[in-house]
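Structure at a glance
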Amino acid sequence: MNWLNTHKNWRIIQPVWKRLFESQHRFKLFCRFVSRQSFATKMASLTEQSLPATYTGLQFHSASSPPTLATLPTPVPTAGTVIVKPLYSIIVQYANEIFTNGNPRGYKYPLPLVPGGACIARVAAVPPDATSLKPGQLVFVELTVRARDDPNAKILRGFHEGFSEGTRRLMGGEWRNGCWATLSSSPLENAHVLDENILVEKLGYKLEELGSLGQLVVPYGGLADVDLKPGETVLIAPATGSFSSAAVHVALAMGARVIAMGRNETALAELKKLAEPGRVETIKISGDVQEDMNALSKYGPLDVYFDISPRPASKNSHIRAGIMSLRPGGRMSLMGGIPGDIDIPYWYVSYNGITIKGTFMNTIQQAKELIKLVERGVLKIGSRAGMKVAGKFRLEDWEDALKTAAAEGGPGRSVYFIPNGE
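Throughout this document, residue positions are counted from 1 along each chain, in the order its sequence is written. Only residues with pLDDT of at least 70 are given local features in this predicted model, and only at 80 or more are side-chain atom pairs given and counted; all residues enter the totals for whole chains, interfaces and linings. Just so you know, side-chain values use all the structure's heavy atoms and leave hydrogens and water out.

1. With respect to the packing of helix H7 (residues 213–225) against helix H13 (residues 364–375)
Relative placement of two packed helices is described by the angle separating their axes and the distance separating the axes. Basically, it comes down to this: Between N-to-C directions, angles span 0 to 180 degrees; the directions come from axes that are lines fitted to C-alpha atoms, helices contributing only their stretch in contact. Strands are runs of DSSP state E lasting at least two residues, helices are runs of H or I lasting at least four, and both sets are numbered from the N terminus onward. To sort the angles, those under 35 degrees are grouped as roughly parallel, those over 145 as roughly antiparallel, those from 65 to 115 as roughly perpendicular, and the leftovers as oblique. Crossing chirality is assigned from the near helix's rotation relative to the far helix, an anticlockwise turn below a right angle marking it left-handed and a clockwise turn marking it right-handed. Whether two residues are in contact is decided by their heavy atoms: any pair within 4.5 Å suffices. When residues are sorted by character, Ala, Val, Leu, Ile, Met, Phe, Trp, Tyr, Cys and Pro go into the nonpolar class, Asp, Glu, Lys and Arg into the charged class, and all the rest, Gly among them, into the polar class.
For the pair H7 and H13, the least separation of the axes is 9 Å and the interaxial angle reads 115°. The orientation of H7 relative to H13 falls into the category roughly perpendicular. Seen along the crossing, H7 lies across H13 with a hand that is right-handed. Side by side, H7 and H13 meet where Leu-213, Leu-216, Val-217, Tyr-220, Gly-221, Ala-224 and Asp-225 of the first sit next to Gln-366, Ala-367, Glu-369, Leu-370, Leu-373 and Val-374 of the second. By residue class, the composition of the contact of H7 with H13 is 9 nonpolar, 2 polar and 2 charged.

Next up, the structure:
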């Protein structure tokens, strides 16, 4: 085929093509030859990279039927694609509402699908265009995949295909299957090297504790986008969910004072313990806008309001109260999952020059910055930061894993698949 593709004189090879394809039978033979050559090339590439021919993935064919442990062909590490061996694959608390029980959250994804977006992994094979990444390195693989020819086209790998034809194409092809598997592919730029010498040897973290990066990196994107500065006061409301409580940890590491609002008083009390007195203040959401504003006024005008509200929160009092408590020139970060509209105090926002900034997940650079905060010891994670691992499960124990994530996951608590054991 290379000779045919590179031959300079088409007039010479044209009769060859004509004779070759003059019958359908010969055309089929030719296609089989090409297919065998492609298969042989792939197998040679896998052998060269010390990769198995197949891997095992937890594959869902429907949100109303149990998944299967599927044997799938190992992807080839072509240019821009790294193959990783997942060690700790994150299971979000609401995974059972996406992949089982009929998908009540209504997430859009192609089927069949191997879910799983973020994980701590070892590099199994690198592409020919990798200049620094090496097999065996410890990496954090992030969830968000961005189209290389359109950075505004983004998907949540293994979870949500987005809303455009471009994003559906992105997830339906190369980046369909995620890390609930013994092997997984990843865009080269999504595999962030972790300094194992610093994180494990010097700081003493367990590998499983590094999985919290998947929760911490998301709010860092929003807080960085509104340029949260050391010494500023940031309201995080609500603050007692998986990602919102992670925002408290991140904001403290960025040098801010945090006002944490929520309904779970036990979780609020745990957040207050994260720093010395005065660094974290807590307020219970009352459900009344004026009452919430009065409570917030005790801590002075706010510089930043960070919101990562869940789906049902559009009519809650904290959103309006938070905006109305911002100082002139204050900033609001919107990162939540509310599908509908929210009430904005139009005149207050315009008169006081309030900036409202929407952020979806994080950038690649922001992921690298967050990792540096952890590696430098500025952002503490794991047990020393009150974080716990609530469960670790093999792929075949998927039912218990999803139930545990729903019941035990949440603020500072992680549940993982361990596809390759420990």
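2. A few points about the nonpolar core
Definition in use: Definition used in this section: a nonpolar core is a set of buried Ala, Val, Leu, Ile, Met, Phe, Trp, Tyr and Cys residues joined via side-chain atoms within 4.5 Å. Any residue under 20% of the maximum accessible area for its type is buried, any over 50% is exposed, and the rest in between are partly exposed; the area is computed with a 1.4 Å probe on protein chains only.
If you look at the biggest cluster of nonpolar residues, it comprises 103 residues, and the most contacted ones within it are Trp-180, Val-234 and Phe-417. Looking at this core element by element, the count peaks at 7 residues for helix H8 (residues 242–253). Setting aside anything within four residues of it in sequence, one finds Val-234 in contact with Leu-223, Leu-228, Ala-251, Ala-256, Arg-257, Val-258, Ile-259, Val-304 and Phe-306.

3. As for the packing of aromatic side chains
Inclusion rule: Here the aromatic set is Phe, Tyr and Trp, taking the six-membered ring for Trp, and pairing holds for ring centres within 6.5 Å; pairs whose planes are under 30 degrees apart are stacked, those over 60 apart are edge-to-face, and all others are tilted.
Enumeration according to the criterion identifies 9 aromatic pairs in this entry. Taking 5.6 Å as the distance between ring centres and 40° as the angle between the ring planes, the aromatic pair formed by Phe-60 and Phe-99 counts as tilted. Taken together, the residues span a long stretch of sequence, with Phe-60 in the loop between strand E1 (54–59) and strand E2 (68–73) and Phe-99 in helix H4 (residues 96–99) at a distance of 39 residues. A relative accessible area of 1% means that Phe-99 is categorised as buried. Relative to Tyr-416, the ring of Tyr-88 lies with its centre 5.5 Å away and its plane at 65°, an arrangement referred to as edge-to-face.

4. Let's talk about the side chain of Arg-331
To be explicit about the condition: As used in this structure description, the phrase polar contact means that two N or O atoms lie within 3.5 Å; if the pair is within protein, one of them must be able to donate a hydrogen and the other to accept it, and residues adjacent in sequence are counted only when both atoms belong to side chains.
Following the sequence through the fold, Arg-331 ends up in strand E14 (residues 326–334). The class of Arg-331 is buried, set by a relative accessible area of 11%. Within polar-contact distance, the side chain of Arg-331 engages the side chain of Glu-232 at 2.8 Å. With residues near it in sequence (within four places) discarded, Arg-331 still touches Val-226, Asp-227, Leu-228, Lys-229, Glu-232, Asp-303, Val-304, Tyr-305, Leu-326 and Thr-355.

5. Digging into the pattern of salt bridges
Short version of the rule: A pairing counts as a salt bridge when a side-chain nitrogen of Lys or Arg comes within 4 Å of a carboxyl oxygen of Asp or Glu.
Scanning the model with the defined rule gives 21 salt bridges in all. A salt bridge links Asp-397 to Arg-394, with the nearest nitrogen and oxygen atoms 3.2 Å apart. Taking the relative accessible area as the measure of exposure, Arg-394 reaches 45% and is therefore partly exposed. Each of Glu-232, Asp-303, Arg-327 and Arg-331 takes part in salt bridges that share partners, so that together they form one network.

6. A word on helix H14 (residues 398–408)
Heads up, the condition is: The arc in question is the one spanned by the directions pointing from the helix axis to the C-beta atoms.
Inspection of H14 places Trp-398, Ala-401, Leu-402, Thr-404 and Ala-405 among the buried residues, and these make up the whole buried set. All buried residues of H14 lie within an arc of 160° about the axis, which places them on one face of the element. Among the exposed residues of H14, those pointing more than 90 degrees away from its buried face are Lys-403 and Ala-407. At its buried positions, H14 is contacted by E1, H4, strand E16 (388–393) and strand E17 (413–417). Note on H14: the residue one or two positions beyond its end, Gly-410, has a positive phi of about 140°.

7. Some details on the sheet that holds E14
Just so we agree on the cut-off: By definition, two strands form a pair when at least two bridges between them are found by DSSP.
If you walk across this open sheet you meet the 6 strands as E12-E11-E10-E13-E14-E15, and the pairing is parallel. Every interior strand has two partners, whereas the edge strands, strand E12 (280–284) and strand E15 (355–358), have only one. Mean inter-strand twist for the sheet, computed between neighbouring axes without regard to direction, equals 20°. Here strand E13 (residues 302–307) runs beside E14; their pairing, made up of 5 bridges, is parallel. Residue pairing for E14: Leu-302 is matched across the bridge by Leu-326. Running over the sheet, H7 touches strand E10 (233–236), E13, E14 and E15 and is turned about 145° from E13. Packing of helix H11 (residues 317–324) onto the sheet brings it into contact with E10, E13 and E14, and relative to E13 it is tilted by some 155°.

8. Focus: the state of the cysteines
Spelled out, the test is: By disulfide we mean two sulfur atoms from cysteines, separated by a distance within 2.5 Å.
Scanning all chains against the criterion turns up 0 disulfides. The structure places no disulfide on Cys-119, whose sulfur is separated from the nearest cysteine sulfur, that of Cys-179, by 4.0 Å. Given a relative accessible area of 1%, Cys-119 falls into the buried group. The exposure class of Cys-179 is buried, given its relative accessible area of 2%.

9. Focus: the packing of H7 against H8
The geometry of H7 relative to H8 is characterised by a closest axis approach of 8 Å and an angle of 70° between their N-to-C directions. On the basis of the axis angle, H7 is roughly perpendicular to H8. The interaxial crossing formed by H7 with H8 has right-handed handedness. Of the residues in H8, those in contact with Gly-214, Gln-215, Leu-216, Val-218, Pro-219, Tyr-220 and Leu-223 of H7 are Ser-242, Phe-243, Ala-246, Ala-247, His-249, Val-250 and Ala-251.

10. Focus: unusual backbone geometry
In this model, Leu-111 is joined to Pro-112 through a cis peptide bond whose omega is -5°. Position of Pro-112 relative to the elements: it lies in the loop between H4 and strand E4 (119–125). In this structure, the amide linkage connecting Ala-237 to the following residue, Pro-238, adopts the cis form with an omega of -5°. Structurally, Pro-238 can be placed in the loop between E10 and H8. A positive phi is found at Asn-103, a non-glycine position, where the angle reads about 60°. With respect to the helices and strands, Asn-103 occurs in the loop between H4 and E4. Although it is not a glycine, Met-361 adopts a positive phi angle of roughly 60°. Among the structural elements, Met-361 can be located in the loop between E15 and H13.

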